[in-house]
Amino acid sequence: MRFLKGLLIVITLIVIASVIWYGSYKNDMKELEEGLRTHLVVEKGMDEQDIISITARRSKMPQYPVVVILKDNPQEVVYTYRDEQ
């Protein structure tokens, strides 16, 4: 019985850690997408309506590609976030 309780505690901790990690990962990707949207609209002067989608993807560390699809250019444009750039 004591072994079962210990096992349940370990499994619960693993599940909680996994949920926290996944939430952190999704938050980081969302921040990259919003940061690029802000960069394109504010610094590059693009119209918000010209951006169809912005999607961050997982890749090799420390690179994070963020794919942008624009209304006037149906091909994907890939921006890569490296360390602090």
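Refer to the preceding data block for the structure.
## Quick look at the overall build of the chain
When its secondary structure is counted, the chain shows one helix and three strands. Along the chain, helices (α) and strands (β) appear in the sequence α-β-β-β when read from the amino end. Relative to the compact-globule value of 12 Å for 85 residues, the chain shows a C-alpha radius of gyration of 19 Å, a clear excess of over 25%. Look at the contacts in the chain between residues 6 or more apart in sequence, and 20% of them connect residues 24 or more apart. Counting every atom, the chain has about 6,900 Å² of accessible surface; 58% of that belongs to carbon and sulfur.

## A word on the side chain of E33
Tracing the backbone shows E33 in helix α1 (residues 2-43). For the buried residue E33, which engages in no salt bridge, the nearest side chain bearing the opposite charge is K30, 4.6 Å off. Apart from the residues within four sequence positions on either side, E33 is in contact with I54, T55 and A56.

## Side note on the nonpolar core
With 12 residues, the main nonpolar core is built from Y25, M29, L32, L36, L40, I51, I54, A56, Y64, V66, V68 and L70. Counting only elements with at least two residues in this core, the list comes to α1, β1 (51-56) and β2 (63-70). With five residues, the single largest contributor to this core is α1. Ignoring anything within four residues of it in the chain, the contact list for I54 reads E33, L36, R37, L40, V66, V67 and V68.

Quick notes on the rules
Residues numbered from 1 in each chain as written. Predicted model: local features only at pLDDT ≥ 70, side-chain atom pairs only at ≥ 80, totals over all residues. Heavy atoms only, no water. Helix = DSSP H or I, 4+ residues; strand = E, 2+ residues; numbered from the N terminus. Rg over C-alpha atoms; globule rule 2.2 N^0.38 Å. Contact = heavy atoms within 4.5 Å. Areas by Shrake-Rupley, 256 points an atom, 1.4 Å probe, with all protein chains shown as cover. Buried < 20%, exposed > 50% of the residue type's maximum accessible area, 1.4 Å probe, protein only. Lys, Arg positive; Asp, Glu negative; His and termini not counted. Salt bridge = Lys/Arg side-chain N within 4 Å of Asp/Glu carboxyl O. Core = buried A, V, L, I, M, F, W, Y, C linked by side-chain atoms within 4.5 Å.

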